Amino acid sequence: MKGRVNSFQSLGAVDGPGIRCVVFMQGCPLRCHYCHNPETWEIGQGESWFSVEEMIQKISRFESYIREGGGVTLSGGEPLLQWEFAAELFSRLQKLGIHTALDTSGHGSLLGAEAVLKNTDLVLCDLKFSTEEQYEQYSGGSLNKVKEFLELTEKGRVPLWIRHVVVPGLNDEEEDIQAIGKIAQSYSNLEKLELLPFHKICLEKYEGLGLDFPLLHHPECSPEKIRILKKFCENNIDIPNCIR
Ligand code: SF4
């Protein structure tokens, strides 16, 4: 079993708890307007092939760091596109006592997702938009599909962190945050709601790939805006202790 891997981050600190090895898988069916990793989109571009065994060996070099409250996060791209690889890697890691987190948009085969979730300790899922229309317009995917995936995580009692990238002018109004919060709190396995600011640090990547960045003229999201929206969540959304 081999997986197409775009890149590997040895000491990640933002994709799950603690210090983590983050594996960015190649290939994604979505095209989010704010995507920071366009280099992962196309299968067959810029990737390396790794067997599960090779990946375990690579990860084991950082074992002393990631065992202390951290672990391994599979991200991308969309890791569920290579669910067989993800399922086998997570199964091996759990047997080694290493925490496993799946950073996903929820777009992939549900049967495949079910197999991966059996050995997943935490799911990180970006909800992106609160309506089907907006989701399709700005990411090319389906919110209903994400909800089906999230139901699976609830059924499997896999702890869930919902993330939301706040993009000024697209999804940063209080009603947007309230609607996202309402969807998030409908899952009993929810542990955390993270609001992440939209930045444009990915511009060079788009230029390098010869791609237009759809949000080139959008302002970045300020720390002050995030602070205000977090306060709004604390006061208006019934998700105890989980706003970050
Ligand atoms: S799902 Fe993630 S990797 Fe795929 S386009 Fe959206 S932000 Fe980029």
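Our structure is the block above this text.
Let us look at the structure shown here. (Residues numbered from 1 in each chain as written. Predicted model: local features only at pLDDT ≥ 70, side-chain atom pairs only at ≥ 80, totals over all residues. Heavy atoms only, no water.)

1. Here's the deal with helix α1 (residues 52–60)
The cut-off we apply is this: Burial here depends on accessible area, computed with a 1.4 Å probe over protein chains only, as a share of the maximum for the residue type. Under 20% is buried, over 50% is exposed, and the range in between is partly exposed. Runs of H or I in DSSP of at least four residues are treated as helices and runs of E of at least two as strands, each being numbered from the N terminus. Arc definition: directions from the helix axis to the C-beta atoms. Residues count as neighbours in contact if any of their non-hydrogen atoms are within 4.5 Å of one another.
What α1 keeps buried is the set Val-52, Met-55, Ile-56, Lys-58 and Ile-59. In an axial view of α1, the angular spread of the buried residues amounts to 160°, which keeps them on one side of the axis. On its buried side, α1 packs onto β1 (2–12), β2 (20–25), β3 (48–51), α2 (63–66), β4 (71–75) and α3 (83–95).

2. Structural notes on the pattern of salt bridges
Close approach of charged atoms allows side chains with opposite charge to pair. Our working definition: We define a salt bridge as a contact between a side-chain nitrogen of Lys or Arg and a carboxyl oxygen of Asp or Glu at a distance within 4 Å.
In the structure shown here, the tally under the stated rule is 13 salt bridges. Put simply, Arg-163 and Asp-103 hold a salt bridge, and the shortest N to O gap is 3.8 Å. Of this pair, Arg-163 sits in strand β7 (residues 160–166) while Asp-103 sits in strand β5 (residues 100–104), and the two are 60 residues apart along the sequence. In this structure Arg-163 comes out as buried when scored by relative accessible area, which is 7%.

3. Thoughts on the site of the ligand
What counts is decided by this rule: Any residue with a heavy atom positioned within 4 Å of a molecule or strand is treated as near that molecule or strand. Using only the protein atoms, space was sampled on a 1 Å grid; points where a 1.4 Å probe fits but cannot get out form cavities, open sets with protein on both sides within 12 Å along at least five of seven lines form pockets, and lining residues are those with an atom within 4 Å of a point. To be counted as sitting in a cavity or pocket, a molecule needs more than half of its atoms within 2 Å of that site's grid points. In this classification, Asp, Glu, Lys and Arg are treated as charged, Ala, Val, Leu, Ile, Met, Phe, Trp, Tyr, Cys and Pro as nonpolar, and every other residue, Gly included, as polar.
Around the ligand lies a shell formed by Cys-28, Leu-30, Arg-31, Cys-32, Cys-35, Trp-41, Gly-77, Ser-105 and Lys-128. The cavity where the ligand resides is the largest pocket. The residue inventory of the shell around the ligand, partitioned by class, reads five nonpolar, two polar and two charged.

4. Re the pairing of β1
Remember that side chains alternate between the two faces of the sheet whenever the strand is regular. Definition in use: A pair of strands is considered paired only if DSSP assigns at least 2 bridges between the two.
Alignment of β1 against β3, held across four bridges, turns out to be antiparallel. When the sheet's bridge partners are listed, Lys-2 is paired in β3 with Ser-51. Sheet topology note: the β1/β2 ladder contains five bridges and is antiparallel. Opposite Gly-12, over in β2, you have Arg-20 as the bridge partner.

5. What to know about the layout of surface pockets
Threshold: Grid points are joined across faces, edges and corners, and a volume is the space filled by probe spheres set on the points.
Here the largest pocket is characterised by a volume of approximately 1,000 Å³. Elements with a minimum of two residues in the lining of the largest pocket: β5, β7 and β8 (190–197). Here the lining of the largest pocket gets four residues from one element, more than from any other, and that element is β8. Class assignment for the residues of the lining of the largest pocket results in 17 nonpolar, ten polar and ten charged.

6. Considering the side chain of Gln-82
Along the chain, Gln-82 turns up in the loop between β4 and α3. For Gln-82, a relative accessible area of 10% gives the class buried. Other than its neighbours up to four places away in sequence, Gln-82 contacts Gly-3, Arg-4, Met-25 and Gln-26.

7. Looking at the packing of α1 against α3
Filter applied, for reference: Here an axis means a line fitted to C-alpha atoms, over the contact stretch when the element is a helix, while the angle between two N-to-C directions is reported on a 0 to 180 degree scale. Roughly parallel covers angles under 35 degrees, roughly antiparallel covers those over 145, roughly perpendicular covers 65 to 115, and oblique covers all other angles. By definition, any crossing whose near helix is turned counterclockwise from its far helix by less than a right angle is left-handed, and any crossing with a clockwise turn is right-handed.
In contact at an axis separation of 10 Å, α1 and α3 are set at 45° when each is read in the N-to-C sense. Relative to α3, the element α1 lies oblique. Note on packing geometry: the crossing formed by α1 with α3 is right-handed. For the pair formed by α1 and α3, the contact residues are Val-52, Glu-53, Met-55, Ile-56 and Ile-59 on the first element and Phe-85, Glu-88, Leu-89, Arg-92 and Leu-93 on the second. Among the residues making up the contact of α1 with α3, the classes are represented as seven nonpolar, no polar and three charged.

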